[in-house]
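# Coordinates in review
Below, each chain spelled out in residue letters.
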Amino acid sequence: AAGVIQSPRHLIKEKRETATLKCYPIPRHDTVYWYQQGPGQDPQFLISFYEKMQSDKGSIPDRFSAQQFSDYHSELNMSSLELGDSALYFCASSPPGLASTDTQYFGPGTRLTVL
Amino acid sequence: LAKTTQPISMDSYEGQEVNITCSHNNIATNDYITWYQQFPSQGPRFIIQGYKTKVTNEVASLFIPADRKSSTLSLPRVSLSDTAVYYCLVGGRYNNNDMRFGAGTRLTVKP
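Quick caveat: nothing in here was measured; it's all calculated off a predicted structure.

Each value, and the rule that gives it
Going along each chain's sequence as written, the residues are numbered from 1 onward. Just so you know, chain letters begin at A and ligand numbers begin at 1, following the order they were written in. Predicted model: local features are reported for residues with pLDDT of at least 70 only, side-chain atom pairs are reported and counted for 80 or more only, and whole-chain, interface and lining totals are derived from all residues. Side-chain descriptors were evaluated using all non-hydrogen atoms of the structure, hydrogens and water having been removed beforehand. Secondary structure counts use DSSP, requiring at least four H or I residues in a row for a helix and at least two E residues in a row for a strand, with both numbered from the N terminus. The globule rule is 2.2 Å times the number of residues to the power 0.38, and the radius of gyration it is compared with is taken over C-alpha atoms. Exposure categories follow from relative accessible area, calculated using a 1.4 Å probe and restricted to protein chains: below 20% of the type maximum is buried, above 50% is exposed, and the middle band is partly exposed. Contacts were defined at the residue level, with two residues in contact if any of their heavy atoms lie within 4.5 Å. A 1.4 Å probe defines the accessible area here, and the buried area is the portion of it lost by two parts on being joined, summed over both. Salt bridge, as used here: a side-chain nitrogen of Lys or Arg that lies within 4 Å of a carboxyl oxygen of Asp or Glu. Distance and chemistry together define a polar contact, namely a pair of N or O atoms within 3.5 Å, with one atom able to donate a hydrogen and the other to accept it when in protein, and with adjacent residues in sequence counting only for side-chain atoms on both sides. Aromatic rings from Phe, Tyr and Trp, with only the six-membered ring used for Trp, were paired whenever their centres fell within 6.5 Å, and each pair was classed as stacked if the ring planes differed by under 30 degrees, edge-to-face if by over 60, and tilted otherwise. A positively charged side chain is recorded as over a ring if its NZ (Lys) or CZ (Arg) lies within 6 Å of the ring centre. The angle to the ring normal must also be within 35 degrees.

For the rest of this paragraph, the subject is the overall build of chain B. In terms of helices and strands, chain B carries zero helices and nine strands. Scaling as 2.2 N^0.38, a compact globule of 111 residues should have a C-alpha radius of gyration of about 13 Å, and chain B matches this with 13 Å. Principal-axis analysis of the C-alpha atoms places the extent of chain B at approximately 40 × 30 × 25 Å. Burial analysis of chain B (111 residues in total) assigns 48% to the buried set. Summarising the internal contacts of chain B: among those between residues at least 6 apart in sequence, 56% fall at separations of at least 24.

Right, here's the structure in full:
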């Protein structure tokens with residue numbers, strides 16, 4: 001079965017540079033979530049989109065922005081990168097039609113290293 | 001947002017049953033309870049979800065008392081490969097209440 005695809009899988013950037021992470025949800029899933037997980041930390045929710053509109057916002061820094069496109073893929077744009085942004089970034093997607101549940105299917109993650 | 005509390009860590013031995021309890025005292029009426037499993041450097045993986053009473057699937061059971069202020073994930077006959085971090089989440093998408101990961105339980109299964 002198709003899974004969530006994230007690209008790139010690994011990314012190395014310098015401080016103050018920008019980065020763009022991409023997420024391709026499972027086909028026909030309409031909701032996308034972004035999480036940041038630092039070393040030894042629990043996943044921290046950043047932001048989510050439902051039907052191309054932002055649905056919830058967590059601890060996403062102002063330097064980051066995200067959007068969901070018409071084909072439902074999503075991009076997380078990160079600017080003025082800091083050393084503390086080094087982390088695993090996970091994208092997850094949820095299918096439509098489940099009124100009150102929120103089963104999320106996670107991608108393999110993008111490991112961002114800021115030097 | 002409903003806050004969850006779980007034990008930080010648990011140890012078990014192969015073949016034993018493991019029960020991990022999660023407290024969620026301020027769970028909302030429409031919230032569901034979902035458990036995820038995460039291995040190092042991998043995305044969390046859905047295990048089981050429930051609203052009340054008991055739910056069972058091929059990998060686990062979920063027990064939810066009538067007041068829904070807690071839930072217990074039960075893993076039967078664990079193996080070394082069940083060593084992972086387990087997260088309990090509470091919420092529901094259409095409540096404008098996306099679920100948040102709290103501090104999970106690090107389960108270590110020993111031979």
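The bulk of non-glycine residues show a negative phi, and the bulk of peptide bonds are trans. A cis amide bond links S7 of chain A with the next residue in sequence, P8 of chain A, at an omega value of -10°. Among the secondary structure elements, P8 of chain A is positioned in the loop between β1 (5-7) and β2 (10-13). Despite not being glycine, S80 of chain A has its phi angle at roughly 45°, a positive value. Summarising the element assignment, S80 of chain A is placed in the loop between β8 (74-78) and β9 (87-94). Judged by its relative accessible area of 39%, S80 of chain A falls in the partly exposed class. A positive phi angle, close to 45°, is found at R77 of chain B, a residue other than glycine. Counting through the fold element by element, R77 of chain B comes out in the loop between β7 (70-75) and β8 (84-91). Take R77 of chain B: its relative accessible area is 64%, and that puts it in the exposed class.

Take the interface of chain B and chain A next. Across the contact, 23 residues belong to chain B and 32 residues belong to chain A. Summing both sides of the interface, chain B and chain A together bury roughly 2100 Å²; the carbon and sulfur share of this comes to 46%. At the junction of chain B and chain A, the tally comes to zero salt bridges. On inspection of chain B and its partner chain A, the count reaches four residue pairs in polar contact (both at pLDDT 80 or more). Residue assignment for the side of chain B that touches chain A shows that the elements contributing at least two residues are β3 (32-38), β4 (45-50) and β8 of chain B. Among the elements that line the side of chain B that touches chain A, the one with the most residues is β3 of chain B, at three residues.

What follows concerns the packing of aromatic side chains. Considering all chains together, one arrives at ten aromatic pairs over all chains under this definition. Ring geometry for Y35 of chain A and F101 of chain B: centres 5.3 Å apart, planes at 85°, overall edge-to-face. Linking Y35 of chain A in strand β4 (residues 31-37) with F101 of chain B in the loop between β8 and β9 (105-110), this pair reaches from one chain into another. Among the aromatic side chains, those forming a connected cluster through ring pairs are Y35, F45, F90 and F106 of chain A together with Y36, F46, Y87 and F101 of chain B. It is R68 of chain B that lies over the ring of Y51 of chain B; its NZ or CZ is 3.9 Å from the centre.

Residue and element names in this part refer to chain A. Using the criterion set out here, one finds five salt bridges over all chains in the structure. Here E82 and R63 are joined by a salt bridge, their closest N and O atoms 3.4 Å apart. Taken as a pair, E82 in the loop between β8 and β9 and R63 in the loop between β6 (53-57) and β7 (64-68) lie far apart in primary sequence, 19 residues in all. Judged by relative accessible area, E82 falls into the partly exposed class, the value being 40%. According to the relative accessible area criterion, R63 is partly exposed, its value standing at 21%. For D85, the salt bridge identified is with R63, shortest N-O distance 2.9 Å. With D85 in the loop between β8 and β9 and R63 in the loop between β6 and β7, this residue pair connects regions lying 22 residues apart in the sequence. Put simply, R63, E82 and D85 are held in one network by salt bridges that share partners.

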